[in-house]
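Structural overview for review
Spelled out, the chains give:
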Amino acid sequence: MTTTAYPNLLAPLDLGFTQLANRVLMGSMHTGLEEERGGFAKLAAFYQARAKGGVGLIVTGGVSPNFRGRIEPFGSELSHFWQVNKHKQVTEAVHKYPTKICLQLLHTGRYAYHPFGVAPSKIKSPISPFTPKEMSVRQIKSTIKDYAYATKLAAKAGYDGVEIMGSEGYLINQFACERTNKRTDEWGGNIENRMRLAIETIKAVREKVGEKFIIIFRLSMLDLVEGGNSWEDVVTMAKAVEKAGATLINTGIGWHEARVPTIVTSVPRAAFTWVTERMKQEVSIPLITTNRINTPEVAEKILSEGQADMVSMARPFLADADFVNKAAANKSDEINTCIGCNQACLDHVFQQKRASCLVNPMACYETELVLEKTDKTKKLAVIGAGPAGLAFSVYAAQRGHQVELFDKIGEIGGQFNVAKQVPGKEEFYETLRYFTKQLSLHDVKVHLNNEQSADSLLAAGFDEVVLATGIKPRKLDIDGLDAGFASNKVLTYLQVLRDKVNVGSKVAIIGAGGIGFDVATYLSEKSLTNDPEAWLKNWGVDKNYQQAGALLDKGELPVHQKTRDITLIQRKTSKVGKGLGKTSGWVHRANLVKQGVDMVAGATYKSINEQGLVIEVAGKEQLIEADNIIICAGQESNRDLQQALAEGGVPVHLIGGANVAAELDAKRAIRQAAELAVQI
Ligand code: FAD
Ligand code: NAP
Ligand code: SF4
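What you see is a predicted model, and the numbers here were worked out from it, not measured in a lab.

So, on to the overall build of the chain. On a plain count of helices and strands, the chain comes out with 23 helices and 27 strands. Buried residues in the chain amount to 59% of all 680 residues. Counting every atom, the chain has about 27,700 Å² of accessible surface; 48% of that belongs to carbon and sulfur. Charge separation in the chain, taken as the distance between the mean sites of 80 positive and 75 negative side-chain charges, equals 5 Å.

Below, the structure is given as structure tokens:
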């Protein structure tokens, strides 16, 4: 018998009236399927795959207990008996396996993205255009009843419990904090009054469903906003939550409006588990910890050190449905690791699109993107081992095709090898580790340092060829550019990030897209992903919790020493960085502002000379003094082989950058690979 490398993670958790198979909770995620026509059947398949993959407890995406609490005009709600049946599809699918599932009840309060929002006080949030109405006492009491009724319906639908969302700045959190609660009645003022909504809700829910039903309360342990709660208030609330009848307390970190990143890739792994550990000394019911936990090793360490009783991971289950089973089989090197990019999950949700995953495009498409075994095995050549070529090779081989993968350089990964050099993007290493393992598991023949020509490919007799040859950096036409390249004054981003050419202390960057930002980050920042203490301080988080909200005073913030003068330039007149990820762009921008990077919009490039770069902005010419000018001006497709192959009579497919370079990212490259693989 093999002994597990993760004994704490895989240990059952006894809740008295029921037992969880292990200590892994799949955290709440809104997928967008909840509101799609026919979405519940797809949602059931999504959750079933995770249950099959061995997770102990699932918490669904947030569902409002009433009309006013919905996230958006057509957001999910569970307040009518007729809504029960569609939820049954989900619970029945999950209960084919020994996994439990809780419905999350989430009332958005002032975060509602519609005009019917309500809140403890009439104060608009900075992230919604709508000002909420102040709740009357009658409305508060009927909202508590709505929570209880929604729970009754959840029980009818077969859920094993509910999670009451009390963090991230939603309604219950809004009541709990002075920031948003200015009431002078018994629902505002001291903490006993401010937490009354939370406590009365738990009591009402417990009364409705009896003792044998899981109630998780998601408690905001770190508000990370001014006017948030003090540690003493959080502890008072946790003790009252326990007394009111909660089964488990989950950890909530930061309001959505907080200016501290809490889950993006540059947040160090497990950066916030210390707060759950601190709470463990205060209450006796099991505590769940969360945020940027993405490997079984990290989760096991947290549990073995007694920081928490359970670990919540959400996005890692988009990236790999079989996370737990792979860990249990000691095959953690086969796990497709969430890289914290938010590109296909949160960014999609905020754009009202269905969530998926950059590294796993099958997530939330379990019934649509299906890798069925082929009955006609083909001999396929894949040229280019970047994300597109890697993903296609693995998926096609999984279907039973014979795949040979070629790359002209000596390692797989394509541009991911460049991306992983950027501080805060170290998780890209995990994707490369994952693909390396998958290529070998699925018998893909990999040929590195092997530049293929059309002739060599035609001679080898492949049935079809997939060109995943990526991109070439765009060539610009600026006066003095060629002389600049010749003297190494002008560099491409590849020379900087990949070839590590020396860069001077004054830098102008042409192009402020994702790569321009990454180059500016690389040249100005030290990676703090392996130094959580320094990272927390950098973002103004006070681990000693001396102040309400756990934020440091302005005077205690670290002073940044500028190491280079960097100017980041674009032609567009819009705000620099506007096109970056919806939920992560602000972090990149804030980081560069802290490092003193200048950002210029609306520029025309005039010339490059010995002093630097001459640009024109609003009709005025100016020189940006620079030792180096770095070109990050986008790319063009590299598909030199296409025509000759097609003329040679072999079917050719283009994926990733080789297909379309404009606005290409790894999400599109990998998704396109999957779409081709399911039908080739
Ligand atoms: P590539 O990754 O370009 O791979 C093409 C491969 O083909 C290369 O390995 C090349 O050597 C090989 N090749 C070319 N011609 C031949 C030939 N004739 N024979 C054999 N092999 C050949 N995307 C995101 O989604 N999120 C990010 O955060 C992100 N950050 C980035 C940061 C940086 C600094 C960079 C440079 C890129 C970043 N990207 C990011 C973009 C992402 O890496 C690309 O979109 C993705 O790599 C494109 O994949 P691809 O497979 O189409 O091409
Ligand atoms: P990009 O985001 O499209 O940015 C290209 C930049 O070059 C823009 O600032 C553009 O702005 C400028 N530009 C375009 N044509 C130009 C020209 N002819 N002359 C001068 N400037 C020109 O592309 P990228 O930065 O190369 O990134 C490639 C892809 O990788 C992107 O699609 C991105 O999604 C992905 N990526 C993502 C991240 C991330 O963190 N999510 C990070 C890196 C890369 P103007 O036209 O206004 O000048
Ligand atoms: Fe993780 Fe990115 Fe996938 Fe979201 S899209 S689950 S952040 S890897």
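Okay, the sheet that holds strand E19 (residues 506–510) next. In spatial order, the strands read E18-E25-E19-E20-E21; together these 5 strands make up an open sheet with parallel pairing. Every interior strand has two partners, whereas the edge strands, strand E18 (490–492) and strand E21 (598–600), have only one. Between one strand and the next, the sheet's axes are offset by a mean angle of 20°, whatever the strand orientation. The sheet contact formed by E19 and strand E20 (residues 565–569) spans 5 bridges and is parallel. Across the sheet, residue alanine 508 finds its bridge partner in E20, namely threonine 567. Lying over the sheet, helix H19 (residues 514–524) contacts E19, E20, E21 and strand E25 (628–631), oriented at roughly 175° with respect to E20.

Where helix H3 (residues 137–156) contacts helix H6 (residues 196–209), the two axes come as close as 9 Å, and the packing angle between them is 35°. Remark: the crossing between H3 and H6 carries right-handed chirality. Residues Ile140, Ile144, Tyr147, Ala148, Tyr149, Thr151, Lys152 and Ala155 of H3 form the contact with H6, whose participating residues are Leu197, Glu200, Thr201, Ala204, Val205, Lys208 and Val209. Of the residues assigned to the contact of H3 with H6, the class counts are 10 nonpolar, 2 polar and 3 charged.

This paragraph deals with the domain arrangement of the chain. Here the chain is described as being made up of domain 1 (13–328), domain 2 (379–472 + 639–679) and domain 3 (475–633). One C-alpha centre belongs to domain 2, the other to domain 3, and the line joining them spans 31 Å. At the junction of the two partners, domain 2 supplies 9 residues and domain 3 supplies 13 residues. Across the salt bridge formed by aspartate 518 and lysine 425, the nearest N and O atoms sit 2.7 Å from each other. Inspection of the region where domain 2 meets domain 3 yields 4 residue pairs in polar contact (both at pLDDT 80 or more). Within the side of domain 2 that touches domain 3, the residues separate by chemical class into 4 nonpolar, 3 polar and 2 charged.

Attention shifts here to the packing of helix H13 (residues 387–398) against helix H15 (residues 428–441). Orientation of H13 relative to H15, taken along the N-to-C sense of each, is 35°, at an axis distance of 9 Å. The two elements H13 and H15 cross, and the hand of that crossing is left-handed. Taking contact as the criterion, the partners of Leu390, Ala391, Ser393 and Val394 in H13 are, on H15, Phe435, Gln438 and Leu439.

All right, on to the site of ligand 1 then. Gln343, Asp407, Lys425, Gly657 and Ala666 are the nearest of the 37 residues found near ligand 1. Within the contact set of ligand 1, an oxygen atom lies 2.7 Å away from a side-chain nitrogen or oxygen of lysine 425. Alanine 666 is positioned such that a nitrogen or oxygen atom in its backbone is 2.8 Å from an oxygen atom of ligand 1. Here ligand 1 has 1,000 Å² of accessible area as a free molecule, and 92% of this is covered by the chains. When its residues are assigned to classes, the shell around ligand 1 shows 18 nonpolar, 12 polar and 7 charged. Composition of the shell around ligand 1 by domain shows at least three residues from each of domain 2 (379–472 + 639–679) and domain 3 (475–633).

Inspection of the secondary structure puts aspartate 347 in helix H12 (residues 346–350). Despite being buried, aspartate 347 has no salt bridge partner; lysine 667 is the closest side chain of opposite charge, sitting 6.7 Å away. Apart from residues no more than four positions distant in its own chain, aspartate 347 is found in contact with Asn342, Gly581, Lys582, Thr583 and Ser584.

A few words on the side chain of glutamate 464. Residue placement: glutamate 464 occurs in strand E16 (residues 464–467). By relative accessible area, which is 12% here, glutamate 464 ends up buried. Among the polar contacts listed, one links the side chain of glutamate 464 to the side chain of histidine 653, at a separation of 2.6 Å. Those residues in contact with glutamate 464 that sit more than four places away from it in its chain are Lys378, Lys379, Leu380, Ala381, Val650, Pro651, His653 and Ile680.

Bringing the site of ligand 3 into the picture now. Contacts to ligand 3 come from Arg315, Leu318, Cys338, Ile339, Gly340, Cys341, Asn342, Ala344, Cys345, Cys357 and Leu358. Of the residues that constitute the shell around ligand 3, the class distribution is 8 nonpolar, 2 polar and 1 charged.

How each quantity is defined
- Residues numbered from 1 in each chain as written.
- Chains lettered and ligands numbered in written order.
- Predicted model: local features only at pLDDT ≥ 70, side-chain atom pairs only at ≥ 80, totals over all residues.
- Heavy atoms only, no water.
- Helix = DSSP H or I, 4+ residues; strand = E, 2+ residues; numbered from the N terminus.
- Buried < 20%, exposed > 50% of the residue type's maximum accessible area, 1.4 Å probe, protein only.
- Areas by Shrake-Rupley, 256 points an atom, 1.4 Å probe, with all protein chains shown as cover.
- Lys, Arg positive; Asp, Glu negative; His and termini not counted.
- Charge placed at Lys NZ, Arg CZ, Asp CG, Glu CD.
- Pairing = 2+ DSSP bridges.
- Axes fitted to C-alpha atoms, helices over the stretch in contact; angles between N-to-C directions.
- Contact = heavy atoms within 4.5 Å.
- Left-handed = near helix turned anticlockwise from the far one by under 90°.
- Nonpolar A, V, L, I, M, F, W, Y, C, P; charged D, E, K, R; others polar.
- Domains from an automatic or database assignment.
- Salt bridge = Lys/Arg side-chain N within 4 Å of Asp/Glu carboxyl O.
- Polar contact = N/O pair within 3.5 Å; in protein donor to acceptor, adjacent residues only side chain to side chain.
- Near = heavy atom within 4 Å.

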